[in-house]
Every structure is written in structure tokens, then in C-alpha cells.
Amino acid sequence: MSVLVTGVRGGVGRLVADTLHARGEDVRGASSDPAGLTGAAFPVLPVDLRTARGLAAALDGVDRVFLYAAHDGADEIARLLREAGVERVVVLSSASVEIPGGEGIGGQHQAVEDAVRGYGGAWTFLRPGAFATNTLRWAPGVRHGRVALPYADAHVEPIHEADIADAAVAALTGAGHEGRAYFMTGGESLTQRRQVELIAAAAGRPVAVEDLDPEQWREQVAAFMPAPVADTLLGMWRGALDGPGRTDGTVRDITGATPRTFADWAADHADAFR
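Here is a short report on the structure shown in this document. Everything numeric here is computed off the predicted structure, so don't read it as measured data. (Residues numbered from 1 in each chain as written. Predicted model: local features only at pLDDT ≥ 70, side-chain atom pairs only at ≥ 80, totals over all residues. Heavy atoms only, no water.)

### Thoughts on unusual backbone geometry
Part 1 of the argument: One non-glycine residue with positive phi stands out, namely Ala52, at about 70 degrees.
Part 2 of the argument: The residue Ala52 is located in the loop between β3 (44-46) and α2 (55-58) in this model.
Part 3 of the argument: What makes Ala52 buried here is its relative accessible area of 7%.
Part 4 of the argument: We note that Tyr151 has phi near 55 degrees; this positive angle belongs to a residue other than glycine.
Part 5 of the argument: Tracing the sequence through the fold places Tyr151 in the loop between β7 (146-149) and β8 (155-156). (Helix = DSSP H or I, 4+ residues; strand = E, 2+ residues; numbered from the N terminus. Buried < 20%, exposed > 50% of the residue type's maximum accessible area, 1.4 Å probe, protein only.)

What follows is the structure, encoded as C-alpha cells:
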């Protein structure tokens, strides 16, 4: 039987698929734009998760699925999972499902979770908080020596995408994760300002951090970020000014390994900031 990895062009999905393939699993990927993925050692099928177009064919012979689903296609996806007899689904969800102030993003992920919870097979929900990769949007500012941020002293618990992928692989291949929803964080709580400092150190260049008015930031991101997402992020940062946030041992519990630090992530991605 095979494992279908959706969202395989994304950082987490590609790591999941590559790791499973390296372990000898029969893997196939799914992407809305498979032509944009080069160098894959496994087949990549065209699937649009917003409409579930192509998913029925991709599920033929599949017993496990790593799912990065669009909320507007969730019910149809759940129906196709049930009809295909998929035994186990691991969903890349979001910590915003259970974080106060995360309702905008959280509601969309909750819709996916609700649909999958009722599909009839075993499920596991991975709920990571802030992805360390979110800081890639600072790259232009880092290159110019200046990053302006709303709530620069808000604490974040950034998680390395490789830790999320390792947890997904463990849940897809091991026992004991069925019916579990895992809140996932990195192993440390850092301010946004400290994150910039660590990126600057890894990139080998000085970077100043400046405070940015939240409304000005909202205007800057309006062209590519939906307003509910911007509102959620601002609310979460505003609520994280009082001190270090929640971290836990979920990554270690699932994978048996210590979570990678943000300094590790910055070193892994230093070229993106140079």
C-alpha cells in the first residue's frame, strides 16, 4: 500500500515525502502544480484540494494520507477518504485552533479537522504554532540591514519545519497516535526582536529592528494576506507581549528527538537572508 502526501511542494510536505521514500515507503505526492516540482524521486499527481479534483484517482491503492487541506473542500475530501478506504490520515492543522485570538485562521483549520474526524478511519492532528519559516518574509529587510515589525517584543515559539515533518512521519508509520491532536511548539520562546538577531548572526550581517505601527503593517500586507489572517496575527502578537509563551515537549514525545532551536533553523536557511 502507498502513502499519499498532499501539499508536496510545501516545505513540510516535501520533507515528509522525502523521508518516507528514504525509509522505503511507497510514496506518491499531490500538488495543484506538479509541473513546478522538479527532482522528486516519487510520482507527483495533479490534485486541487480546494475542489478535490484529482483526489479520487490519487487515492487509488493508498492506505495512509498526509493532508494539508483547504477548508472549502474539506467535506468532499472526507467523503473521498472514506470511499477509498484510507486507514489513517495525519492532518497538518494549526495551533490557532486552540489559541485565544486565533479564531480567524483557527476556524478554517477547525473545519478541516471536523470533516476528517468523521471520515471513518484513524486520524491524527498536528497543530504547530508559529512556523520558523514565517520569518523568511523578513529577508528583504535583513539584506538591507533594517527590519520593521509590529510588536517586536512579542514572544513566539517558532518550530522548525523539519520537526513537524518528523512528527508527521512518526504518526503515519507508528502506533499510538490515533485520535490524538498534538499542540506543537518549538523548544524555546523568543521575542521577534531576538529572532531577527539570530538570523542576522547566521547571515553574517548587522540588522536593526524598528517598531512598526500595527495599522501600517496591516496596510503593507493587505495585497497578499487576507484581513482575517492579519487580524489573527496582530491579536496573537499583542497578547504575547507579557512574557515567554507556552512551550512543551510534544516534538520529543512524538519523535524521541530534542526540538531544533531557532538558531538551528537560521543556520539552515542563512542563504535566504544573504
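### So, the nonpolar core
Part 1 of the argument: Formed by 28 residues in total, the largest nonpolar core has its most connected members in Val5, Val16, Leu20 and Phe66.
Part 2 of the argument: Broken down by secondary-structure element, the contributors of at least two residues to this core are β1 (2-6), α1 (11-22), β5 (88-92), α6 (161-173), β9 (180-184) and α10 (250-255).
Part 3 of the argument: No other element matches α6, which puts eight residues into this core.
Part 4 of the argument: The contacts of Leu20, once residues within four sequence positions are left out, are Val3, Val5, Glu25, Val27, Val169, Leu172 and Thr173.
Part 5 of the argument: Within the second largest apolar cluster, 26 residues are counted, among which are Leu4, Ala52, Ala69 and Phe125. (Core = buried A, V, L, I, M, F, W, Y, C linked by side-chain atoms within 4.5 Å. Contact = heavy atoms within 4.5 Å.)

### Some points on the sheet that holds strand β6 (residues 122-128)
The strands that make up a sheet are held in pairs by hydrogen bonds between backbone atoms, and each pair lies either parallel or antiparallel.
Part 1 of the argument: On the basis of which strands lie adjacent, the open sheet formed by seven strands has the order β3-β2-β1-β4-β5-β6-β9 and parallel pairing. Two strands bound the open sheet, and with one partner strand each, they are β3 and β9. Strand after strand, the sheet turns through a mean of 20 degrees between neighbouring axes, direction not considered.
Part 2 of the argument: Where β1 meets strand β2 (residues 26-31), five bridges bridge the pair, whose relative direction is parallel. Looking at β2, one finds that Leu4 is bridged to Arg28. (Pairing = 2+ DSSP bridges. Axes fitted to C-alpha atoms, helices over the stretch in contact; angles between N-to-C directions.)

### Section: the packing of helix α8 (residues 214-221) against helix α9 (residues 227-238)
Part 1 of the argument: It is at 11 Å that the axes of α8 and α9 come closest, and there the two elements cross at 150 degrees. Classified by the angle their axes make, α8 and α9 are roughly antiparallel. Handedness of the crossing formed by α8 with α9: right-handed. Across the interface between the two elements, Pro214, Trp217, Arg218 and Val221 of α8 pack against Ala230, Asp231, Leu233, Leu234 and Trp237 of α9. (Parallel < 35°, antiparallel > 145°, perpendicular 65-115°, else oblique. Left-handed = near helix turned anticlockwise from the far one by under 90°.)

### So, the pairing of β5
Part 1 of the argument: Of all five residues in β5, five are buried; the element is thus mostly enclosed.
Part 2 of the argument: Residues Arg88, Val90 and Leu92 of β5 are buried on one face, and the alternating residues Val89 and Val91, pointing to the opposite face, are buried as well.
Part 3 of the argument: Where strand β4 (residues 62-67) meets β5, four bridges bridge the pair, whose relative direction is parallel. The residue of β5 that forms the bridge with Arg64 is Arg88.
Part 4 of the argument: Once the chain exits β4 it traverses helix α3 (residues 74-84) before rejoining the sheet at β5, and the crossover so formed is right-handed.
Part 5 of the argument: Bridge analysis of β5 against β6 gives five bridges, and the strand direction is parallel. Across the sheet, residue Val89 finds its bridge partner in β6, namely Trp123. (Right-handed = clockwise from strand over helix to strand, strands pointing away.)

### Details of the side chain of Ser189
Part 1 of the argument: Looking at the secondary structure, you find Ser189 in the loop between β9 and β10 (190-191).
Part 2 of the argument: Among the polar contacts made by the side chain of Ser189, one reaches the main-chain amide nitrogen of Gly245 at a distance of 2.8 Å.
Part 3 of the argument: The contact partners of Ser189, leaving out residues within four places of it in the chain, are His155, Val156, Glu157, Pro244, Gly245 and Thr247. (Polar contact = N/O pair within 3.5 Å; in protein donor to acceptor, adjacent residues only side chain to side chain.)

### Brief notes about α9
Part 1 of the argument: Under the 1.5 Å per step criterion, the end-to-end length of α9 is 16 Å for twelve residues, consistent within 8% with the ideal 16 Å.
Part 2 of the argument: By the burial criterion, the buried members of α9 are Ala230, Thr232, Leu233, Leu234 and Trp237. (Expected span 1.5 Å × (residues − 1).)

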